[in-house]
Amino acid sequence: MVSHDRRGEPEKSGVVLSERAYEDRPTLWKRLLNQWIFLVLLVFIAVFSVTAPGFLTVRNIRNIISYTSVPLLLALGQTFVIISGGIDLSVGAVLGFCGVSSALILKFVWAATGSVGFSIVVGSLSGMIIGTTLGAVSGTMIAKLKVPPFVVTLGMLGIARGCTYLLTSGRAIVGLPTELARVGNYRIWGAIPITLVIPLFLIGISLYLLNMTRLGRYTYAIGGSETAAIRAGIPVARYKILIYALSGFMASFAGLVTLARFGTGSPLAGLNSELDSIAAVVIGGASLMGGIGTIFGSVVGALIIGVLLVGLVLLNVEPYWQMVSVGAILIIAVFLDQVRHKDRVRT
Amino acid sequence: MASPLLRVESLSKRFGGVHAVENASFDLHEGEVLGLVGDNGAGKSTLIKIISGVLQPTSGKLYWKGEEAALSRVSDARNLGIETIYQDLALADNLGIAANVFLGREPARRALGFIPVLDRKLMDQRAEDVLARLQLRLGSMHTPVWSLSGGQRQSVAIGRAIFWDAELLIMDEPTAALGVYERATILKLIKQLKKQGMTIILISHNLYDIFETTDRIAVMQRGRIVGCLETASTTEDEVIHIMIGTEVQV
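Positions within a chain are numbered from 1, following the residues in the order the chain's sequence is written. Written order decides the labels, with chains lettered from A and ligands numbered from 1. Given that this is a predicted model, residues contribute local features only at a pLDDT of at least 70 and side-chain atom pairs are listed and counted only at 80 or more, while totals for whole chains, interfaces and linings are drawn from all residues. Note: side-chain values were computed over all heavy atoms of the structure, leaving out hydrogens and water.

Focus on the packing of aromatic side chains
Two rings from Phe, Tyr or Trp (for Trp, the six-membered ring) form a pair when their centres sit within 6.5 Å of each other. Planes less than 30 degrees apart are called stacked, planes more than 60 degrees apart edge-to-face, and all others tilted. Under the definition given, this model contains six aromatic pairs over all chains. For the ring pair Phe249(A) and Phe253(A), a centre distance of 5.5 Å and an interplane angle of 70° mean the geometry is edge-to-face. Here Phe249(A) and its partner Phe253(A) are both found in helix H10 (residues 236-262), four residues apart, which amounts to about one turn of the helix. Following the ring pairs from residue to residue traces out a cluster consisting of Phe44(A), Phe48(A) and Phe55(A). Criterion for a charge above a ring: Lys NZ or Arg CZ within 6 Å of the ring centre, and within 35 degrees of the ring normal. We note Arg231(A) situated over the ring of Tyr86(B); from NZ or CZ to the ring centre the distance is 4.1 Å. The numbering of helices and of strands both runs from the N terminus, where a helix is a DSSP run of H or I of at least 4 residues and a strand a run of E of at least 2.

Topic: unusual backbone geometry
Located in the positive-phi region is Lys146(A), a residue other than glycine, with phi close to 60°. Inspection of the secondary structure assignment puts Lys146(A) in the loop between helix H4 (116-143) and helix H5 (149-168). Using a relative accessible area of 63% as the deciding quantity, one classes Lys146(A) as exposed. At Ser10(B), a position not held by glycine, the phi torsion is positive, near 35°. With respect to the element layout, Ser10(B) can be found in strand E1 (residues 6-15). For every residue, the accessible area (1.4 Å probe, protein chains only) is compared with the maximum for its type, and the residue is labelled buried under 20%, exposed over 50%, or partly exposed between those bounds.

A short note on helix H8 (residues 236-244) of chain B
Residues and elements named next belong to chain B. Looking at H8, one finds that the buried residues are Val239, Ile242 and Met243. Down the axis of H8, the buried side of the element spans an arc of 105°, and every buried residue falls inside it. Away from its buried face, by an angle of more than 90 degrees, H8 presents the exposed residues Asp237 and Ile244. When we speak of the arc, we mean the arc of directions from the helix axis to the C-beta atoms.

Topic: the interface of chain A and chain B
Taken together, the contact between chain A and chain B spans 32 residues of the former and 40 residues of the latter. Should a side-chain nitrogen of Lys or Arg be within 4 Å of a carboxyl oxygen of Asp or Glu, the pair is scored as a salt bridge. Along the contact surface separating chain A from chain B lie one salt bridge. A salt bridge links Glu106(B) to Arg214(A); the shortest N-O distance between them is 3.8 Å. Under this definition, polar contacts are N or O atom pairs within 3.5 Å; protein pairs additionally need one hydrogen-donor-capable and one acceptor-capable atom, and for neighbouring residues in sequence, both atoms have to be side-chain atoms. Where chain A touches chain B, the interface holds eight residue pairs in polar contact (both at pLDDT 80 or more). For the side of chain A that touches chain B, the secondary structure elements donating two or more residues are helix H7 (194-212), helix H8 (214-224) and helix H9 (226-231) of chain A. It is H8(A) that contributes the most residues to the side of chain A that touches chain B, six residues altogether. Note on residue classes: Ala, Val, Leu, Ile, Met, Phe, Trp, Tyr, Cys and Pro are nonpolar, Asp, Glu, Lys and Arg are charged, and everything else, Gly too, is polar. Classifying every residue of the side of chain A that touches chain B gives 14 nonpolar, 10 polar and eight charged. The contact criterion used is simple: two residues touch if any of their non-hydrogen atoms lie within 4.5 Å.

Some remarks on the confidence of the model for chain A
Chain-level statistics for chain A give a pLDDT mean of 87 and a share of 88% at 70 or above. pLDDT measures how confident the predictor is about each residue, on a scale from 0 to 100. Confidence over residues 1-25 of chain A falls short of pLDDT 50; this stretch has 32 contacts with residues more than four positions distant or in other chains.

Re the side chain of Glu173(B)
Residues and elements named next belong to chain B. With respect to the helices, strands and loops of the structure, Glu173 is situated in the loop between strand E9 (168-172) and helix H6 (180-195). Residues counted as positive are Lys and Arg, residues counted as negative are Asp and Glu, and His and the chain ends are not counted. An unpaired buried charge is present at Glu173: no salt bridge exists, and Lys44, the closest side chain of opposite charge, is 4.8 Å distant. If we skip the residues at most four places from it in the chain, Glu173 touches Gln87, Ile203, Ser204 and His205.

Quick notes on the state of the cysteines
Note: disulfide means a covalent bond formed between the sulfur atoms of two cysteine side chains. We call a pair of cysteine sulfur atoms a disulfide whenever their separation is within 2.5 Å. Scanning the model with the defined rule gives zero disulfides over all chains in all. In this structure Cys163(A) is a free cysteine whose sulfur lies 12 Å from that of Cys98(A), the closest cysteine sulfur available.

As for the packing of helix H2 (residues 58-83) of chain A against H7(A)
Residue and element names in this part refer to chain A. In contact at an axis separation of 9 Å, H2 and H7 are set at 15° when each is read in the N-to-C sense. The orientation of H2 relative to H7 falls into the category roughly parallel. In the packing of H2 onto H7, the handedness of the crossing is left-handed. Of the residues in H7, those touching H2 at Ile65, Ser66, Ser69, Leu72, Leu73, Leu76, Thr79, Phe80 and Ile83 are Thr195, Leu196, Pro199, Leu202, Ile203, Ser206, Leu209 and Leu210. Along the lines of polarity and charge, the residues of the contact of H2 with H7 split into 12 nonpolar, five polar and no charged. To obtain each axis, a line is fitted to C-alpha atoms, and for helices this fit is confined to the stretch in contact; angles are then taken between N-to-C directions over 0 to 180 degrees. Roughly parallel means an angle under 35 degrees; roughly antiparallel means over 145; roughly perpendicular covers 65 to 115; every other angle is labelled oblique. The sense of a crossing depends on the near helix, which, turned anticlockwise from the far helix by less than a right angle, makes the crossing left-handed and, turned clockwise, makes it right-handed.

What follows is the structure, given as structure tokens:
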């Protein structure tokens, strides 16, 4: 409309700071970009529904849910970590370690007490405690010793995966009670798989934590400006430790879901899962620079990964192409993130 | 006369062999606006960091309302009512206005009687109220701060400081990064705060800002306060002369 550049001049002669054009700030273009990933999910579903025989069957949808549950659980914890400006590369390895240590403890308690139910409860709780502890250890090194998250969690990846192989000599832990797999593949009222209920429950918990509590508010604040968080008197170190502990907790839950689904403790469980979890979060609109991200986005991101995997299998494509495509989408998502936020002022 | 709001008594701060602040003394009365000027490295920042509890003095004392105050951390100063607005504002720019006003001190309520949740409605309302007190309209309380202009961000920082019942507001170069128009608006805001009875220490490189808003001007040079002038009865030339000249007795 105005041909010459008038920026820098006061708008009108008003004295009140305002009247700035922030009402239309999220332009239609940007809003579409923010939701584009949901459209991508719909497009994937539409394409597979047409091309892949049997994609839209109840059995297959159950498959998608169960393949999505692990990356989804990891992505929930990863969402907090990435919003806080960090990254957790250790989630897959922590998943694997928690899975086999739960299996070993379960087996031991079962042999000692003979009670299946008790051993499953003890095994599961120990797994959760171990995962949360490993996360808290990473968090402590990041927050207190100021070692970069990338390095700490990469180191933790090696440590946890290595210990997993050491514990199992590289072999799967078998001879677990059959009831375990029955729990893992249980369907409530014969229809709703437990692999749907657990993620839904943890999505609810994550939504609550991220949007309605101090933990969530400070996660955003730390990712937005750590200086601001410190100046505001937020105990940043404590919250960082909590955030990584939460990620470890989610990873242990993913390990338990995997263990229960297959009824054996595989030392290979969660291999390369960090790629899926980070991709899910970033595809879901979170920024690796920190400060931005949503649970909704991460859930959609995880669903895209699950849909891709199952769809490609149905199309008789080699499943390894799923990793290739997730990797490619990850890079595209980060690129788009940079395009979207390049005008964001960072202090 | 009542005891001053803040009395700074022979305050010194040494970093190794460097005297960042040396034997600085001044009184600040309630409702007064004191300008703190001096060349780079004169010790202004160190002095206000001591008053805001970030640094501890090597020697000297601070009195708050006549009583000796030991400020060993920022929260000590805050609890007394000393709020500092730093040059870099320290806002979480991805969060909204209300979230920034309440950052670190969020009110909570119980949903369904037992689940603790942040009280967003209350935060929005109270943030809006405080900005209204400053006669500011910044739109939605959820607007992320990064989408605001420099002056608006400064206003949010000021709003946050006065919200917490600041009795002394320390402002470090509040107009440094602003354009002409926005600077005028912030100066207006400072004058308005003064009219409302706020006590302010204003640090600025810009003598125009200082003369526009302050009652008195303290000039620092190499760690010392070398002059304390009544704004009404001095000139920019005189202040500059003291700032750059060698020891001048006033």
